[in-house]
Amino acid sequence: MTAAAVGVLVAAGMVTVTTDAASAAATTTITVDYGSDRGAATQIASGFLHGISASAPAQYLVDGVRVRSQRGADHHPNLPSLYDPATYRRVSATGANLRVGLYYYSANPNSPYRNYRPGDNGNFSTWTTIVNGVMSEADQKGYRVNAWIPWNEPEAQWGNLYTTTYFQAHKVAYDAVKARNSSYRVEAPELSAYNFTKLQQFLTYCRDNRCLPDVLSWHELSPAPTDVPGHTAQIRSWMQANGITPMPIAITEYQGSSYGNADAWAAGPNVRWLAQFERSVPNGLEDALASDWDYIGSDGNFIATLGNSADKATGTLPKGVWWNYNTYKTMTGRMVTVTSSSATTVDALGSLDTGQRRGVLLIGNQTTGDQGVSLRLNNASALALSNVVHVRAERVANTPTLSTPTVVLDADVALSSGGVTLALGTLPTNAVYKVLVTPATASAPVTRYEAESLSTAASPGLTSRVFTEAGASGGAATALDGTAAGQYLQFTLPVSTSGVYHLRAILKSNANRAFQALYLDGVMVGPPQDEYGNAAYYAADYGTLSLSAGNHTLRAVAVGRNPASSGYSMVYDRFDLVRVG
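Keep in mind that what you see is a predicted model, and the values were worked out from it rather than measured.

Thresholds, definitions, all that
Residues numbered from 1 in each chain as written. Predicted model: local features only at pLDDT ≥ 70, side-chain atom pairs only at ≥ 80, totals over all residues. Heavy atoms only, no water. Helix = DSSP H or I, 4+ residues; strand = E, 2+ residues; numbered from the N terminus. Buried < 20%, exposed > 50% of the residue type's maximum accessible area, 1.4 Å probe, protein only. Lys, Arg positive; Asp, Glu negative; His and termini not counted. Salt bridge = Lys/Arg side-chain N within 4 Å of Asp/Glu carboxyl O. Polar contact = N/O pair within 3.5 Å; in protein donor to acceptor, adjacent residues only side chain to side chain. Contact = heavy atoms within 4.5 Å. 1 Å grid on protein atoms, 1.4 Å probe; cavity = no way out; pocket = protein on both sides within 12 Å on 5 of 7 lines; lining within 4 Å. Points joined across faces, edges and corners; volume = space filled by probe spheres on them. Nonpolar A, V, L, I, M, F, W, Y, C, P; charged D, E, K, R; others polar. Expected span 1.5 Å × (residues − 1). Pairing = 2+ DSSP bridges. Axes fitted to C-alpha atoms, helices over the stretch in contact; angles between N-to-C directions.

**Q** Please clarify how the side chain of Arg-513 should be interpreted in this entry.
**A** Note that Arg-513 resides in the loop between strand 24 (499–509) and strand 25 (515–520). Glu-531 provides the closest opposite charge to the buried, unpaired Arg-513, separated from it by 4.2 Å. A distance of 2.7 Å separates a polar atom in the side chain of Arg-513 from a polar atom in the side chain of Asn-512. Look past the residues within four positions of Arg-513 in its chain and what remains in contact with it is Lys-508, Glu-531, Tyr-532, Arg-561, Ser-565, Gly-567, Tyr-568, Ser-569, Met-570 and Val-571.

Structure, rendered in structure tokens:
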């Protein structure tokens, strides 16, 4: 196969890549240096504003991403109420840091303080009562809160009172929080946008009045990514020069211009946002949380959509941008240096996990036109077996719902001096490439499990069945004739030797198939699979994972169905565990 053919779907065979031809075919070159360590991979930008409620979005959408942080209300008539036990349990189960606003009483029609603004007629004692009441309820219920936020976007809401009454309100809230527990964290000022002057004013007041926040916060809301590394570096440098020990920074709303605009969930620009936040870590960035523009807070039909990444109507299907966060979750180990020849056109971020034997990359087109992309991998020997790596690239469309990215490359690639250049082909408007680089497995040990030979279980009231068919591996496959979302088909997978494995499976698509997610010992692995399509066996790739010797449970859960599908059936033909470490 020639280099010119690399941009189309290929089978998992050896591809010889001609560097010059590949480079000439591309307009933007993304260079990944696996030898350059940028620090621990923590999915710093995988936070969400009002992202999860007790019932939305669908659980697999939550399970399929890393929920690092959620900011929200204690109580609210429409928004997810973090003090509602069911909502709290669901959010808390993700391990997310909870950031609670102290100001939501003003939107709650049941609050006796709704029409009160801190400092009204010189009255701050009511504000102290409100702050203590919110904290007391959390203490009584045993809720863990990572940070308390006195007010939201104060420079916009307080106008010319920003430097007077708001600053006093912050001081009163800060003192009340610290009086209750000195280890509690206060996050402020939560500006609506980065404003160097207003941050200087706030920090100077706080320095002089002993109320410096534990976390410095503001929002970065715009259709196109802003200069987050420049902003974080500027304010950090100013603090160092003005007698303030720089505190962690949180960007608690990012991406999007206003309610209902698609720029809030544009997949390609989202990649640059993620990359900008990762580049801001050396400047003290602690967290970044995606905005919430699907519904205005006063809308009684509000549905939590995990930062605009689930469909607005039902919260059960992934938008194109959800696949970014699903891929971002697998960026474990260490972040690596990724550069673009035109970052404002096509930007990228990537990671290397030598323990899990994988490199993960996101490449995003931020323009309204098609862009050619060339990918250069340097120092990739850490992922090679016999000087060969396997590269799987999928194209994520920027669409309101997306059940399956398109595979554009799935092949073994030989390295030359530890590197290789690949032409990934044309990346459409606001679309994304997700790329997985692993050891080539052509000569690696493979443990093959025919599904019909494994011990199985199914949802109560259902029974799996084995059917024979000439096209199936081993002549047979296992099916579940499901009837509803939530039903499952379960296999027991015996593993003889502990190690790192690449998990692959053979499924069979058809017109009556479910949209399903695979859980290994209760944890979702890999991307969900849409089995709807023409009747055919196809390969699914779930990435690399560590397995201990012994029995493991694989549970395929029907999480929904393609709108064109007529049912919730699932078929598994085979599982392969390819030993890579």
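**Q** Even after reading the chapter, I still don't get the pattern of salt bridges, so can you show me in this structure?
**A** Between side chains of opposite charge, a pair can form when the charged atoms approach closely. Per the stated rule, a full pass over the model turns up 23 salt bridges. Close ionic contact of Asp-287 with Arg-68 constitutes a salt bridge, the shortest N to O distance being 2.5 Å. Placement of the pair is Asp-287 in strand 10 (residues 285–290) and Arg-68 in the loop between helix 2 (59–63) and strand 4 (69–73), with a sequence separation of 219 residues. Each of the two residues, Asp-287 as well as Arg-68, counts as buried. Within this structure, Arg-68, Arg-99, Arg-185, Glu-187, Glu-286 and Asp-287 form a network of salt bridges that share partners.

**Q** Would you mind going over empty space enclosed by the protein with me for this structure?
**A** The probe, sized like a water molecule, is rolled over the atoms to show the empty space still left. Applying the stated criterion across every chain, the model contains 1 cavity of 30 Å³ or more. Empty space within the largest cavity amounts to approximately 40 Å³. Within the lining of the largest cavity, the residues separate by chemical class into 6 nonpolar, 3 polar and no charged.

**Q** Sorry if this is basic, but what is going on with helix 6 (residues 162–180) here?
**A** Every α-helix carries 3.6 residues per turn, so stepping three or four residues along brings you back to the same face. Along its 19 residues, helix 6 runs 26 Å from first to last C-alpha, staying within 8% of the 27 Å computed at 1.5 Å per residue. Of all the positions in helix 6, only Tyr-162, Thr-165, Tyr-166, Phe-167, Ala-169, His-170, Val-172, Ala-173, Tyr-174, Ala-176, Val-177 and Lys-178 are classed as buried.

**Q** Can you walk me through the sheet that holds strand 3 (residues 47–49) in this structure?
**A** Sheets are built from strands paired through backbone hydrogen bonds, the pairs being either parallel or antiparallel. Here we have 8 strands laid out as an open sheet, ordered 6-5-4-3-10-9-8-7, and parallel in their pairing. Looking at strand neighbours, the two that pair on one side only are strand 6 (147–149) and strand 7 (187–191), the edges of this open sheet. Averaged over neighbouring strand pairs, the angle between their axes works out to 25° when direction is ignored. Summarising the sheet, strand 4 and strand 5 (residues 97–101) pair through 5 bridges and their orientation is parallel. Bridge pairing in strand 5 links Arg-71 to Arg-99. Along the sheet face, helix 6 touches strand 6 and strand 7 and points at about 150° away from the line of strand 7.

**Q** In this structure, what is going on with the environment of Thr-468? I would like to understand it.
**A** Positionally, Thr-468 belongs in strand 21 (residues 465–468). Linking Thr-468 and Thr-478, residues 10 residues apart in sequence, is a C-alpha distance of 9.0 Å. If we skip the residues at most four places from it in the chain, Thr-468 touches Gly-475 and Ala-476.

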